[in-house]
Amino acid sequence: MQHKYTNNLIHETSPYLLQHAHNPVNWYAWNDETLALAKKENKLMLISVGYAACHWCHVMEHESFENDSVAKIMNDNFINIKIDREERPDIDQIYMTAVQLMTKSGGWPLNCVTLPDGRPFWGGTYFPKEEWTSTLTQIATLYKKDPAKVISYAENLTEGIQQAELVSYNSDEAKFTKSELETTVKNWSSYFDKDLGGMNSAPKFPMPNNYHFLLRYAEQTQDKNLKAYVHTTLEKMAFGGIFDQVGGGFARYSTDKKWHIPHFEKMLYDNAQLVSLYSDAYLISKNDLYKETVYRTLEFIEREMTNPEGGFYSSLDADSLNEDGELEEGAFYVWTEKELKEILKKDFDLFSKYYNVNDFGLWEHNKYNFIRTQNDNKFSKENNIDIQLLRSKVTTWQHTLLKERAKKNRPRLDDKTLSSWNALMLKGYIDAYRVFNDDNFLKIALKNANFLKEKQRRNDGGLNHNYKNGRSTINGYLEDYALVIEAYISLYEITLDQNWLTISQELTDYCYTHFYDKELQMFYFTSDEDQNLITRKMEINDNVIPASNSVLAKSLFKLGHYFENKIYTATSKQMLNNIKKDMEAYGSGYANWLQLYADFCTDFYEIAVVGKNAKEKIKELNQQYIPNKLIAGSLNKSDEPLLQYRYQENETLIYICIDGACKLPVASSKKALTQLKIDIK
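Residues numbered from 1 in each chain as written. Predicted model: local features only at pLDDT ≥ 70, side-chain atom pairs only at ≥ 80, totals over all residues. Heavy atoms only, no water.

### Here's the deal with the sheet that holds strand β17 (residues 464-468)
Stated precisely, the cut-off is as follows: A pair of strands is treated as paired once DSSP finds two or more bridges between them. Only DSSP runs of H or I covering at least 4 residues are called helices, and only runs of E covering at least 2 are called strands; the numbering of each starts at the N terminus. Should any heavy atoms of two residues lie within 4.5 Å, those residues are counted as being in contact. Each axis is a line fitted through C-alpha atoms, and for a helix only the stretch in contact is used; angles between axes span 0 to 180 degrees, taken between their N-to-C directions.
What the 3 strands build is an open sheet, ordered β16-β17-β18; its pairing is antiparallel. What marks the edges here is a single partner per strand, and that holds for β16 (417-418) and β18 (471-475). Relative to β18, β17 runs antiparallel, the two being bridged by 4 bridges. The residue bridging Asn-466 from the neighbouring strand is Thr-473, located in β18. Where helix α18 (residues 439-456) meets the sheet, it contacts β16, β17 and β18, and its direction lies at approximately 100° from that of β17.

### Structural notes on the layout of surface pockets
Stated formally: For cavity detection a 1 Å grid was placed over the protein atoms alone, and a set of points counts as a cavity when a 1.4 Å probe fits there but cannot get out; an open set counts as a pocket when protein lies on both sides within 12 Å along at least five of seven lines, with lining residues being those that have an atom within 4 Å of a point. Grid points are joined across faces, edges and corners, and a volume is the space filled by probe spheres set on the points. Asp, Glu, Lys and Arg are counted as charged, while Ala, Val, Leu, Ile, Met, Phe, Trp, Tyr, Cys and Pro are counted as nonpolar; the rest, among them Gly, fall into the polar class.
Reported here for the largest pocket is a volume of approximately 1,700 Å³. Lining the largest pocket are 50 residues; nearest its centre among them are Arg-85, Gln-100, Trp-108, Asn-543 and Val-544. Sorting the residues of the lining of the largest pocket by element identifies α3 (55-65) and α5 (89-103) as the ones contributing at least two each. For the lining of the largest pocket, the leading source of residues is α5, giving 6 residues. Residues belonging to the lining of the largest pocket are distributed by class as follows: 26 nonpolar, 13 polar and 11 charged. Breaking the lining of the second largest pocket down by element, the ones donating at least two residues are α10 (224-239), α12 (288-304), α15 (376-382) and α16 (387-405). With 8 residues, the single largest contributor to the lining of the second largest pocket is α12. Residue classes in the lining of the second largest pocket are distributed as 10 nonpolar, 11 polar and 13 charged.

### So, the side chain of Asn-80
Quick note on the threshold: Polar contact is defined as a pair of N or O atoms within 3.5 Å, subject to the rule that within protein one atom must be able to donate a hydrogen and the other to accept it, and that residues adjacent in sequence are counted only when both atoms are side-chain atoms.
Position of Asn-80 among the secondary structure elements: in strand β3 (residues 78-84). A polar contact is formed between the side chain of Asn-80 and the side chain of Asn-75, at a distance of 3.4 Å. Once residues lying within four places of it in the same chain are set aside, the contact partners of Asn-80 are Val-25, Asn-26, Trp-27, Tyr-28, Leu-46, Met-74 and Asn-75.

### Some details on the packing of helix α21 (residues 548-563) against helix α22 (residues 566-583)
Note the following rule: Left-handed describes a crossing in which the near helix is turned anticlockwise from the far one by less than a right angle; the clockwise case is right-handed.
Where α21 contacts α22, the two axes come as close as 8 Å, and the packing angle between them is 145°. In this structure, α21 meets α22 at a crossing whose hand is left-handed. Taking contact as the criterion, the partners of Asn-549, Ala-553, Leu-556, Phe-557, Leu-559 and Gly-560 in α21 are, on α22, Tyr-568, Thr-569, Thr-571, Ser-572 and Met-575.

### A few points about the state of the cysteines
Note the threshold: Two cysteine sulfurs form what is called a disulfide whenever their separation falls within 2.5 Å. Burial classes follow relative accessibility: with a 1.4 Å probe on protein chains only, a residue under 20% of its type's maximum area counts as buried, one over 50% as exposed, and anything between as partly exposed.
Taken as a whole and judged by the stated rule, the model has 2 disulfides. Between the sulfur atoms of Cys-54 and its disulfide mate Cys-57 the distance is 2.3 Å. With the S-S bond torsion at 80°, the cross-link from Cys-54 to Cys-57 turns out right-handed. You can call Cys-57 buried: its relative accessible area is 2%.

### A short note on the pairing of β3
Along β3, 7 of the 7 residues are buried, which leaves the element largely enclosed by surrounding structure. Burial of the side chains of β3 extends over both faces: Phe-78, Asn-80, Lys-82 and Asp-84 are buried on one face and Ile-79, Ile-81 and Ile-83 on the other. Direction of pairing for strand β1 (residues 27-28) relative to β3: parallel, over a ladder of 2 bridges. Its bridge partner being in β3, Trp-27 is matched across the sheet by Asn-80. Where strand β2 (residues 44-50) lies against β3, 7 bridges are found, and the strand directions are parallel. Looking at β3, one finds that Leu-44 is bridged to Phe-78.

### Section: helix α11 (residues 268-285)
Keep this limit in mind: Expected span of a helix, by definition, is 1.5 Å for each gap between consecutive residues, and there is one gap fewer than residues.
Along its 18 residues, α11 runs 26 Å from first to last C-alpha, staying within 8% of the 26 Å computed at 1.5 Å per residue. Extensive coverage of α11 is indicated by the burial of 16 of its 18 residues. Just beyond α11, the residue with positive phi is Lys-286, at close to 55°.

Right, dumping it as structure tokens:
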């Protein structure tokens, strides 16, 4: 195909950057050559950040970046840099902070104008074409006429970025109490939507780490109201339009308060964490809806998001081509009543009741998004249909519509593979295996774990962030290390393969060498080997993905137990102590930190299982929800601290310990479980 324009992005591998390779805008990638060019020509840099599945990124591209007259203004006055935020979260983090300081809000596309040295002075998110061109023209004029004014503002803003979200060392004694945890949850609960689940606002994001902590806290405190709220949230999400009722998997968020109409992009990181969440929720409740949600989500991942090497792709776009050949949000997922009647024939009436093909499920333009409101037992009674027949019909409907949907134009796939997001999905498969004992889940987990080890780990012991077209690139960020370490520890706990625990320790020590701040006892997001940006940030707040520092702090807590390493334990405790003062007022932003906080408030169990039947015993133990534990085990003699001197030939024994002090070993998992309690003291 002949293209009128081709710019420097044609040499990139990111699907998002390649989408812009034929814009008339003379886009550059972020690299040393581009930064040098801006300084050489003394040109302002226009930095535009987005990602492949971003709907409003596509809208702005179509309105502005594909327009010749807009491109001329941009090319004449700026060095234009396009960034895939998923490839370069370090750059996104800095310029997002800048825009939030300037506008009090943020999002994508993220657009920032900077001095030739990268210091920002203006920014925002999506702009309509007229506003975009007008603003850029004014900025270019101002810089030519009064550069000192622009430089002064950039200096002040850069100082603000450097001060934003700064962590200070907390020299107070580290005390973690149940009452502080109670206060945090109480303050947080004022934002709950107790009727519809989630937060009491729109749009609604799944926020898996929020509900994973609240699920745990509700169970450990036996708080009936909190339990009801969490399960309402999980049921409404699984029934709602945010869940793909035909093909499985969750969209990124719901645009409304009822979880009805999603923003249709599907992200790997959401689905990964939701698999872990629903697996644990099933372990507690034995709710079949949760099991079905896990299985159908993993079917989607296996079918649409897995590469032949065992890596996982990043996302599916919200937009796809409609019948008129135009990109339209949700076109792949929604249906007209006419289509459904033709496909389902005599089953349409029952189907429309089950999935609310009515005013309740209406999206727009006479198109419907499927939403459930009842579990199968209730629906079968109200509609006088045998439960087994209903379930058979539902399965048939799903398969039929999935086959029909395959004839539509598919959403664009972002087929890059990110180490951090893959580690989240790896842990999702591990958690699903732990709960459901499905060997297919373990097989896929091991393939992915080996993919990360063989393709993304370098000879120097470090990790790369990105993998595409057989090439491993971009020096890893703390999120890559933290999430891979966490996943590998979990893999060790179900396989007892010491190799995964050893690699976790090696990656942890690499973090101390290249990411650690000795004064704060926290970890930077970027390695000391990375290019210097205008500041070096630490990721502290748990967001849709937990903060890399909170993930690593939790793993240091566990590794301190596994290896009797006091430095790991002390670092974990100090990290939590440093951010403790901010948690009470904003629990949602520290949900993963609160998991660690709960570990310090609880008897934390080291469960050591030694003997030839260790794996079977661990499977039995894992059928009980025990959030405050780690598992160590071996089939033979082992010199590992938690296993040393515990092997007895012809026996498999279970040791329940707290900080090395153990109860008498038992051979029965039932007896071992009686030695445990999960409640918070």
